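These are the residues of each chain, in order.
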Amino acid sequence: MASRLLLALDETDPQRAFSVAEAAAPYLAGIKVNWPLLMHGGLEMVGRLADFTSVICDLKVADIPNTARLIAEAAYGAGAAGIIAHAFPGAGSLQAIRNVAPERDLYAVITMSHPGGGEFFDIPGLVAVAREGGATGVVAPATRPEDIAAVRTAVGDLTIISPGVGAQGGDPRAAVAAGADLIIVGRAIYQADDPGSAARDFARALGD
Ligand code: BMP
C-alpha cells in the first residue's frame, strides 16, 4: 500500500533538511516545503529534494491571478509536483496557477488547523471555489476531523491533505477515518532524534 504520509520539512538548515529528507523518504508519499526552508535554502531546494520524492510547494498563494501565475511559473519551473494556494482570493487566482501546469497538482486551503483557524473560513463556499478553480486537492485540518468530514462531503473525490498531526495534537487515524487521503507531519518527524524511524512509525500507524 502506498504511503499516506507527507513530511512538512520546515527545517531551516538546508543541510539538515537534506539529511532528514533522505532518512524519511522511503516512508513518504512526498515532501511539503514551506517558506521557512525556501527562505533559508532558496528555490533550488525544490529540485534537489525532488531527487528523493515528489515535492509540494506550500506557498499559500493568496494574490491576484497575474501574481499567482508568476509564483506558479517559478515553483513548477523549479520542479514542484504541486502548489498549495489559498482558496479565498477566488477561482480566477486558482485557475491562473492551474493553467501554468494543468498536469500537476494544485491544493486549495479550505480551513486551517490552529486554534481559531476555522473562524473565517466558509467550508462549502471555499470548496466550491476550489472546484471551480481546478484544484486537484484541498487542505483541511487533522485537528478538527469534523471539518474534514464536512470538506469530504462537499469536495467529492478530490484529494484531501491534512496537517495538524504530532506537534498540533491531531489524531492521524481519526483524520483518515473522516476522509483525509494524506497526512502532513512536520516537527514530530524533523525534530525527532531519529527522523527516519519517526517517519516509519507514522507511516505504519497510517496502515502502510
Ligand atoms: P507541524 O506538523 O510541525 O505542525 O507542521 C505542519 C505544517 O503544515 C506546517 O508546514 C504548517 O505551515 C502547515 N499547515 C498547518 O499546520 N495547518 C494548516 O491549516 C495548513 C498548513 O499548511
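Scroll up for the structure.
Residues numbered from 1 in each chain as written. Predicted model: local features only at pLDDT ≥ 70, side-chain atom pairs only at ≥ 80, totals over all residues. Heavy atoms only, no water.

Chemist: When you look at helix α1 (residues 14-24) in this model, what are you seeing that I'm missing?
Modeler: An α-helical turn contains 3.6 residues, so any two residues separated by three or four positions project in the same direction. Those residues of α1 that sit buried are A17, F18, V20, A21 and A24. Around the axis of α1, the buried residues are gathered within 165° of arc, so they sit on the same side. Turned more than 90 degrees from where α1 packs its buried face, Q15 and E22 sit exposed. Along its buried surface, α1 packs onto β1 (5-8), β2 (30-34), α2 (35-41), α3 (44-49), α9 (187-190) and α10 (195-205). Near the N-terminus of α1, the side chain that reaches the backbone nitrogen of Q15, with its oxygen 3.0 Å away, is that of D13. (Buried < 20%, exposed > 50% of the residue type's maximum accessible area, 1.4 Å probe, protein only. Helix = DSSP H or I, 4+ residues; strand = E, 2+ residues; numbered from the N terminus. Arc of directions from axis to C-beta. Contact = heavy atoms within 4.5 Å. Polar contact = N/O pair within 3.5 Å; in protein donor to acceptor, adjacent residues only side chain to side chain.)

Chemist: Is there a simple way to think about the site of the ligand in this case?
Modeler: Taken together, 14 residues form the shell around the ligand, and within it D10, K32, K60, S113 and R187 come nearest. At 3.0 Å, a side-chain N or O of N34 approaches an oxygen atom of the ligand. At 2.7 Å from a nitrogen atom of the ligand is found a side-chain nitrogen or oxygen belonging to S113. In the complex, 90% of the free accessible area of the ligand, which totals 480 Å², lies under the protein chains. Placement of the ligand is best described as lying within the largest pocket. Among the residues making up the shell around the ligand, the classes are represented as 5 nonpolar, 4 polar and 5 charged. (Near = heavy atom within 4 Å. Areas by Shrake-Rupley, 256 points an atom, 1.4 Å probe, with all protein chains shown as cover. 1 Å grid on protein atoms, 1.4 Å probe; cavity = no way out; pocket = protein on both sides within 12 Å on 5 of 7 lines; lining within 4 Å. Sits in = over half its atoms within 2 Å of the grid points. Nonpolar A, V, L, I, M, F, W, Y, C, P; charged D, E, K, R; others polar.)

Chemist: Mind showing me how you'd approach the sheet that holds β1 here?
Modeler: What links the strands of a sheet is backbone hydrogen bonding, and the strands pair in either a parallel or an antiparallel sense. Taken in spatial order, the 8 strands of this closed barrel run β1-β2-β3-β4-β5-β6-β7-β8, and their pairing is parallel. Here the average twist between neighbouring strands, direction ignored, is 25°. With 3 bridges joining them, strand β7 (residues 159-163) and strand β8 (residues 182-185) adopt parallel strand pairing. Bridging from a neighbouring strand, I161 pairs with L182 of β8. (Pairing = 2+ DSSP bridges. Axes fitted to C-alpha atoms, helices over the stretch in contact; angles between N-to-C directions.)

Distances and angles like these do not, on their own, reveal function.
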